[in-house]
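Summary of structural features
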Amino acid sequence: MASKGRTVLSVIFLAAGLVLLVPGILFWVMSAGSSSDPAYKEPYCVVELEDITELGGSYEGVSAEEGYTFYEFSYLVKNLGDGESYQELPSLYYEGPEYNDVYEHYYWDSQVTPEEETEAPLFDGYYDLCIPPGRVGRASEVLMVKDGVTAVQASYYPGYSDEKLILDIDLS
Amino acid sequence: MRCFNCRKEFDYEKYYGICPKCGCFNQKESREERHEDLHDRFGDDSDHREDSGCGQTYAYSSAEEFQPGAADSRSWEKPRRRGAGFLVFSLLFLVLSLVVLASGVLAYIGSRVETAEEPDGSLRLVSHEVGESFAFQKAELQVDEIRKLADQSVLPGLAEGMELTAVHVTGQGDGEYEDYNRIQMPYIETEAGYRYALSPYDFEPYGQMLGAYPVLDEYALMGESSCSGWYAFLTEADAEEFRIWFDEYDGSGWDGGNLLAGHYVELKAEDAAPEEGGGTDGQ
């Protein structure tokens, strides 16, 4: 009888141990996933819309498609991280209510006749602007926006993690 | 003998009990026969209790308590505590699980707190004047002057509208070599934005040629008590006002550690004509 009791107790302990072990491991996994490696500095660039300028139907020799207008979006970019940002502006992905409401420069770059390939300039790589940690930079982007669209969203990754931020832009 | 598995008749002695047909091992004797055999081999003086069958483990009843030292001709066999090992194992497993859970919860809370501390960008910014000596990472730095060294007319390889600019800096250190006490390469700020300093390796030959020599690098004050030299940058040709930024770190890590402050000095361009030579004959 005593042997049976011990076995039952052991099984209860074992089951309780398993029940506690599983969430324990889960907590460890979650903590490992949510904390970044402190050995590396990383930028954390938050974008704020500063100004929108309507450029009209043409920009740098490119004509906007019928029913579209060029806009210049000016941003303040605050690097709140502890590492330097090698871009003056994080890659913004624009979306309107419809798929064809906003076109980025990739859309019309193909229309521009490609220039002849030139030799890389002296000190190539040092011309690009950056944003040191704790400082604020300015940047702008030109977009082709469908007439009548009153709001677009720009989503971007402020740092190296999966965290995504969304910037609501009111065009009205 | 007949194999218990395939029923094949075979000679037990010849095949040592292994069936030649199916390979099964067959025991010749029954349990009782083996027991008798043991009695034959070791005599018949073993202790067989009346209330306990021969060959069975003896267990004391609750009424019959074991008396250590009591007259008992048989050797006393300690009753086995069945399941005790399993119980100990289960207990240890439970304790281990508790430890894993507690440490996991603490680690998770710690990571959440760390994540919640969102960077607020509250960097301490310290302004200095040209020619002013200021404390910087166990050293003193001083920004002396800025020079526009060359534009596209001097260095045709430069990108259009850009210029090579250099800033002269002097420093005093303690002469100690500390692994992480480097002066991180400075930035220059113009109206367009920030740019990182040119690598000393890339700039040095041009610095010699254009009179901006020696060229400073991150190790300028590591193991040195003083330094005097130039940092170079690319700036817009029409830029007239600049800020040079030195980021001060606490030296707690290989990459400088924690950023403590951003020291900056405002500069105005002094259009100095590029100096002649200063380098090798080849240049």
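Preceding block: the structure.
What you see as residue numbers is a count from 1 along each chain, following the sequence as written. Think of it this way: whatever chain is written first is A, whatever ligand is written first is 1, and the rest follow in order. In view of the model being predicted, local features appear only for residues whose pLDDT reaches at least 70, and side-chain atom pairs are presented and counted only at 80 or more, with totals across whole chains, interfaces and linings using the full set of residues. Think of the side-chain values as coming from all heavy atoms in the structure, minus any hydrogens and water.

**Some remarks on the interface of chain B and chain A**
In this description, contact between two residues means that some pair of their heavy atoms is separated by no more than 4.5 Å. Taken residue by residue, the interface counts 56 residues in chain B and 45 residues in chain A. Accessible-area loss on putting two parts together, using a 1.4 Å probe and summing over both, is the definition of buried area adopted here. For the chain B and chain A pair, buried surface summed over both sides reaches about 4300 Å², with 69% attributable to carbon and sulfur atoms. A salt bridge links Asp255 of chain B to Lys41 of chain A; the nearest nitrogen and oxygen atoms lie 3.7 Å apart. The term polar contact refers here to a pair of N or O atoms within 3.5 Å; inside protein, the definition further demands a hydrogen-donor-capable atom paired with an acceptor-capable atom, and it admits residues adjacent in sequence only when both atoms are side-chain atoms. Our count for the contact surface shared by chain B and chain A stands at 14 residue pairs in polar contact (both at pLDDT 80 or more). Elements with a minimum of two residues in the side of chain B that touches chain A: helix 3 (84-116), strand 4 (162-172), strand 6 (194-196), helix 4 (200-210) and strand 8 (241-249) of chain B. Strands are runs of DSSP state E lasting at least two residues, helices are runs of H or I lasting at least four, and both sets are numbered from the N terminus onward. Of the residues forming the side of chain B that touches chain A, the biggest block, 21 residues, is contributed by helix 3 of chain B. Classifying every residue of the side of chain B that touches chain A gives 33 nonpolar, 13 polar and 10 charged. When a carboxyl oxygen of Asp or Glu is within 4 Å of a side-chain nitrogen of Lys or Arg, the pair counts as a salt bridge. Classification convention: Asp, Glu, Lys, Arg as charged; Ala, Val, Leu, Ile, Met, Phe, Trp, Tyr, Cys, Pro as nonpolar; all other residues, Gly among them, as polar.

**Here we look at the environment of Tyr231 of chain B**
Residue and element names in this part refer to chain B. Among the structural elements, Tyr231 can be located in strand 7 (residues 226-236). Put simply, Tyr231 and His168 are 63 residues apart on the chain and 6.6 Å apart in space, counted from C-alpha to C-alpha. When sequence neighbours within four positions are dropped, the list of residues in contact with Tyr231 reads Thr165, Ala166, Val167, Val169, Ile183, Met185, Pro186, Leu216, Asp217 and Phe246.

**Regarding the sheet that holds strand 9 (residues 259-268) of chain B**
All names here are of chain B. Only strands joined by at least two bridges in the DSSP assignment are considered to pair. Spatially, 1-9-8-5-6 is the arrangement adopted by the five strands of the open sheet, whose pairing is mixed. On the outer flanks of this sheet lie strand 1 (124-128) and strand 6, each paired with one strand and no other. The average angle at which neighbouring strand axes cross in this sheet is 30 degrees, direction not considered. Judged from the nine bridges that link them, strand 8 and strand 9 form a sheet pairing that is antiparallel. Directly across from Glu248, in strand 9, lies its bridge partner Ala261. Between the N-to-C directions of two axes lies an angle of 0 to 180 degrees, each axis being a line fitted to C-alpha atoms and, for a helix, fitted only over the stretch in contact.

**What to know about the sheet that holds strand 6 (residues 102-103) of chain A**
All names here are of chain A. The sheet built from four strands is open, its strands ordered 1-4-7-6 with antiparallel pairing. Taken across any chain shown, the strands that pair with only one partner, and hence form the sheet edges, are strand 1 (45-56) and strand 6. Summarising the sheet, strand 1 and strand 4 (residues 68-79) pair through 10 bridges and their orientation is antiparallel. By the bridge assignment, Ile52 is partnered in strand 4 with Phe73.

**A word on the nonpolar core**
The set of buried Ala, Val, Leu, Ile, Met, Phe, Trp, Tyr and Cys residues whose side-chain atoms join them within 4.5 Å is what this entry labels a nonpolar core. Relative accessibility under 20% of the residue-type maximum defines a buried residue, over 50% an exposed one, and the middle range a partly exposed one, all with a 1.4 Å probe and only protein chains included. Core analysis: the biggest nonpolar cluster contains 25 residues, and Val167 and Phe246 of chain B have the highest contact counts within it. Mapped by element, the contributors of at least two residues to this core are strand 2 (133-136), strand 3 (139-150), strand 4, strand 7, strand 8 and strand 9 of chain B. Among the elements that take part in this core, strand 3 of chain B stands out by supplying four residues, more than any other. Excluding anything up to four places from it in sequence, Phe246 of chain B contacts Phe134, Phe136, Leu141, Val143, Val169, Ile183, Pro186, Tyr231, Ala261, Gly262 and His263 of chain B. Formed by 24 residues, the second largest nonpolar core is a distinct cluster that contains Val46, Val102, Ala139 and Leu171 of chain A.

**Regarding the pattern of salt bridges**
Residue and element names in this part refer to chain B. Per the counting criterion, the structure on display carries 13 salt bridges over all chains. A salt bridge links Arg2 to Glu9; the shortest N-O distance between them is 3.3 Å. For Arg2, a relative accessible area of 43% translates into the label partly exposed. Given a relative accessible area of 47%, Glu9 falls into the partly exposed group.

**Regarding the packing of aromatic side chains**
The pairing test for Phe, Tyr and Trp rings, Trp by its six-membered ring, is centres within 6.5 Å, and the orientation test on the planes gives stacked under 30 degrees, edge-to-face over 60, and tilted for anything in between. The tally for this structure, following the rule as stated, stands at 17 aromatic pairs over all chains. Ring geometry for Tyr103 of chain A against Tyr107 of chain A: centres 3.8 Å apart, planes inclined by 15 degrees, an arrangement best described as stacked. By relative accessible area, Tyr103 of chain A is classed as buried at 18%. An aromatic cluster of at least three residues, connected via ring pairs, comprises Phe134, Phe136, Tyr231 and Phe246 of chain B. Both a distance and an angle decide whether a charge sits over a ring: NZ of Lys or CZ of Arg must be within 6 Å of the ring centre and within 35 degrees of the ring normal. Just above the ring of Trp245 of chain B sits the side chain of Arg135 of chain A; from NZ or CZ to the centre is 4.7 Å. Directly above the ring of Tyr264 of chain B sits Arg243 of chain B, whose terminal nitrogen or CZ lies 4.2 Å from the centroid.

**Structural notes on a nonpolar patch on the surface**
Residues and elements named next belong to chain A. Every patch collects residues that have over 30% relative accessible area and no salt bridge, joining them within 9 Å if they carry like charges and within 5 Å if they are nonpolar side chains (Val, Leu, Ile, Met, Phe, Trp, Tyr). Throughout, the Shrake-Rupley method with a 1.4 Å probe supplies accessible areas, and for residues the shown protein chains are the sole cover considered. There is a patch of nonpolar side chains on the surface, built from Val8, Leu9 and Ile12 and spanning about 250 Å² of accessible area. As for its position among the elements, Leu9 is in helix 1 (residues 2-34). You can call Leu9 partly exposed: its relative accessible area is 37%.

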